[in-house]
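The chain contents come next:
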Amino acid sequence: MKRIVSLFMSAAICITFCRPVLSAEITGDEKTALTPIKVSYDLDVYETGEIYYIDITWGSFENTYKTNDIKVWDPITLKYEIVSSTSEWICESGANSVNVANHSNIPVTVLLSYQAGADYSSINGEFDKSVLSLLSPEENSSYDSAPSGKATLSLSGTLDADDGERVKIGSVGVKLLGENVGTLQFVKNDVQEECYDIYDYGENLYISYFTATEDYNAGSNTDAYNTLININGIDYYINELHSDRAEGDEVFCFRAGMTVNISEEKADSYKKSMEVYSGKTYIVIINTADMTATMIED
């Protein structure tokens, strides 16, 4: 009896596990099984990620320093006297220009800077536009119509006389910053006094590059302004965990060369001041991964 039951159970299991999921038809002499294949059509269009494609062209950056000295004949001494005049830097049209065109699928911001050579610190270079913010081109527009911008370098200072050979006095930097994502604000009594843009600088990194138009430094608690950082709609405030208070400071100052903590909590950190001086250029790098901000004087 046990053996018969066992055979029935085996048969039942065999039938259960061998039952086909889809029906098949056996036709023709070859006894071929035909099984229908069903498909669906996916109409979704998937875009690629961010694509950066930037065209950068520039001139020769060859300049000539003219002293414009005048040689004047002296009828008494019967010799020429050299009379100094106002010196100037000259170059061919477009030689000191940088042109940038954005062919990316996102807006971009380009930072232009001049760095004097070690032996030519007396020569200054300044772009008429240190930042170029370019929108992304319209879809299906022509290549040549891509959003573009131009910045031109001006030189000032004096160049010591040499043997007339061309010399390298410095270098020009072109840095891709990414899109504008926020602001760095100087606020006093809830009134915004200065505001500078913040740009995407990489994963969890953001940068603000600006030339100060006013002096902002340590004062009394009532005179001090507040520093507010806003990135992608989130407010951040300077935090005094590093205790870098200089002797005589009545309020904490965030100075060039320092790294401080930042916080989303307003609390007393809102009263901490960023110290900058009119005419000087600063770089502030903000890291939202470790919640720090670093300021450098350019």
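Refer to the structure above for everything that follows.
Rules used in this analysis
- Residues numbered from 1 in each chain as written.
- Predicted model: local features only at pLDDT ≥ 70, side-chain atom pairs only at ≥ 80, totals over all residues.
- Heavy atoms only, no water.
- Phe/Tyr/Trp six-rings, centres within 6.5 Å; stacked < 30°, edge-to-face > 60°.
- Lys NZ or Arg CZ within 6 Å of the ring centre and 35° of its normal.
- Pairing = 2+ DSSP bridges.
- Helix = DSSP H or I, 4+ residues; strand = E, 2+ residues; numbered from the N terminus.
- Axes fitted to C-alpha atoms, helices over the stretch in contact; angles between N-to-C directions.

S.K.: Would you mind going over the packing of aromatic side chains in detail, with residue names and values included?
M.R.: For the structure on display, the rule yields seven aromatic pairs. One aromatic cluster is present, formed by Phe-186, Tyr-196, Phe-210, Tyr-216 and Tyr-282 through successive ring pairs. Just above the ring of Tyr-80 sits the side chain of Lys-71; from NZ or CZ to the centre is 4.9 Å.

S.K.: So, the pairing of strand β6 (residues 79-83): which residues are in play, and what are the values?
M.R.: Pairing of strand β5 (residues 70-74) with β6 involves five bridges; the strand directions are antiparallel. Paired with Ile-70 across the bridge in β6 is Val-83. Two successive antiparallel strands, β5 and β6, enclose a turn made up of four residues, where Leu-78 displays a positive phi of approximately 55 degrees.

S.K.: Talk me through the sheet that holds strand β9 (residues 108-116); I want residue IDs and the actual numbers.
M.R.: Reading across from one edge, β11-β9-β13 is the order of the three strands in this open sheet, with antiparallel pairing throughout. Looking at strand neighbours, the two that pair on one side only are β11 (131-134) and β13 (170-176), the edges of this open sheet. Taking the axes of each pair of neighbouring strands and ignoring which way they run, one obtains an average angle of 15 degrees across the sheet. Sheet topology places β9 next to β11; four bridges connect them, and they run antiparallel. Residue pairing across strands places Thr-109 opposite Ser-133, the latter belonging to β11.

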